[in-house]
Amino acid sequence: MTNQSLPAIKFDKVSRHFGEVRAVDEADLEIRDGEFFSMLGPSGSGKTTCLRMIAGFDRPTSGHIFLYGQDVSNLPPYERDVNTVFQDYALFPHMTVAENIAYGLMVKNIAKPERVKRVDEMLELVQLSGFGGRKPSQLSGGQRQRVALARALVNHPKVLLLDEPLGALDLKLRQQMQVELKAIQKRVGITFIFVTHDQEEALTMSDRIALFNKGKIEQIGAPSEIYEHPASIFVANFVGTSNLVSGEVAKRITGADITFSVRPEKIHLGSVAENPPSDSYTTDGIVRDVVYLGLYTRYQVELDGGGDLVVVEQNLKTTSMDVLKIKDQRVRLYWNKEHISKMGA
Ligand code: ADP
Ligand code: MG
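As the structure is a prediction and not an experimental result, all values here were calculated from the model. (Residues numbered from 1 in each chain as written. Chains lettered and ligands numbered in written order. Predicted model: local features only at pLDDT ≥ 70, side-chain atom pairs only at ≥ 80, totals over all residues. Heavy atoms only, no water.)

## Some details on the pairing of strand 17 (residues 330-336)
Within strand 17, 5 of the 7 residues are buried, leaving the element largely enclosed by the surrounding structure. Of the strand pairs in this sheet, strand 13 (residues 268-270) and strand 17 are connected by 3 bridges, and their pairing is antiparallel. Looking at the pairing, Leu269 lines up with Leu333 of strand 17. Sheet analysis places strand 14 (residues 280-292) next to strand 17, joined by 7 bridges and oriented antiparallel. Looking across to strand 17, one finds that Thr283 is bridged to Leu333. (Buried < 20%, exposed > 50% of the residue type's maximum accessible area, 1.4 Å probe, protein only. Helix = DSSP H or I, 4+ residues; strand = E, 2+ residues; numbered from the N terminus. Pairing = 2+ DSSP bridges.)

Structure (C-alpha cells):
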C-alpha cells in the first residue's frame, strides 16, 4: 500500500556531478502524491539527469532520493515502482499495438484473460480502441506517443516519468496532446513528473513547476506563483516576458534601491492628463514603437530620464489604425504596486 501522506518523491540535497560538470547541484524537492509536476528549464539544466536518477538509470553523487518515504537512491530500476515515457516512443516495431502494451504484463507473468482486459482498458484510456492489431508503423506520431503512454501505465506504476514526450509533435497536435495527457493523468490519479523546456507547456499543464537553471532549482511553485511572483531574474526572463527594472530607473519609480520585474500586461498606458490611483507606481515617457498583433498591441515606451518599458494591451475596442496613432505620443504609465516582484541580483 502507498502511504498518500508521504511525498511521492523527495530529493534531499541531491547532486550528480560528471567530473567538473554539476549536472544537478544540491537539489531539494518534494513532489506530492497525485500531482502533475513539471521540471522546466533550458537545455542542459539537469532535468533529464533528475529523471534518470528517479528511474534508477543513474545514481546521485551525493544526497538521497525517496519514493513514498523509501530511500531508493541505490536501488536498481526494476526495484522501483516507476515507469518512463521517452520522446522517441521506443515501441517494439515488430509487435502490434496490443502486444506492445501487454509487454510489461507478460514480463510479470499476468495470465492472458487479465492481460487482454487491461490492454483493452488502456486502449480506451488513450482513445485507441480498435487499433490493437496495428503495427507502430501504421500509426501517426501522436498515436504512437499514446501507445507509449498506455504501455507505461498498464502496470499502474506509482510514479510516471515523462521526458519531453511531446517534443517530436507539431504545434497543433502538441497542444491537443497537452490537454489529453492532463485529462488522462486526472483519470488514473498517478503522480506524473513531466520534463519540458517549453514554458507555455509547463504553465498550462502543471499543478506545480520546478524551474531549473544550471543544475540548481531556482523556484518551485504553482504556475500562477511562478508567473506572478518570479523569485529571480532568471525566472522572470525564462517564464513569459517581463520588464526588469534596476538602478536609477527603479529608484526613480519606487523611491527604493531595488531591482524589480513587472509584466507588460499589468501596466496601464494612459494620457498624461490621467491621475493614477494612490496605490500605483507611475512614470511618464514617449511611445517609441507600436506593434499591432491582432489580439493585443505591444508598445515600447522610452521613459523620461532613461530606461524603457514594454506594455501590452488587449485590443478590446482599438483597431490597428487607432493604436498606430499613439506612436511618438507622450504617455503616462502606471500599475498597481502589488504587481512588481522584487528580486535579488
Ligand atoms: P536537460 O535534460 O535539462 O537538457 P541534462 O540533465 O541532460 O539536461 O544535462 C545536464 C548537464 O549534464 C549537461 O551539461 C550535460 O552535458 C551533462 N551531462 C548529462 N549526462 C552526462 C554524462 N553521462 N556525462 C557527462 N555529462 C553529462
Ligand atoms: Mg533532457
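Having seen it, we continue.
## Structural notes on the site of ligand 1
Every residue close to ligand 1 is listed here: Phe18, Val21, Ala23, Pro42, Ser43, Gly44, Ser45, Gly46, Lys47, Thr48 and Thr49. At 2.8 Å from an oxygen atom of ligand 1 is found a side-chain nitrogen or oxygen belonging to Lys47. The separation between an oxygen atom of ligand 1 and a polar side-chain atom of Thr48 is 2.8 Å. The protein chains hide 58% of the 570 Å² of surface that ligand 1 would expose on its own. Broken down by element, the shell around ligand 1 gets its largest block of residues, 3 residues, from helix 1 (residues 47-55). (Near = heavy atom within 4 Å. Polar contact = N/O pair within 3.5 Å; in protein donor to acceptor, adjacent residues only side chain to side chain. Areas by Shrake-Rupley, 256 points an atom, 1.4 Å probe, with all protein chains shown as cover.)

## Focus on the sheet that holds strand 18 (residues 340-343)
Spatially, 3 strands are ordered 11-12-18 in an open sheet, and the strand pairing comes out antiparallel. With partners counted over all chains shown, the strands left at the sheet margins are strand 11 (243-245) and strand 18, one partner each. Each neighbouring strand pair of the sheet contributes to a mean axis angle of 25°, computed without reference to strand direction. Both strand 11 and strand 12 (residues 259-262) contribute to a ladder of 3 bridges, which runs antiparallel. Looking at the pairing, Val245 lines up with Phe260 of strand 12. (Axes fitted to C-alpha atoms, helices over the stretch in contact; angles between N-to-C directions.)

Geometric descriptors of this kind do not, in isolation, establish any biological role.
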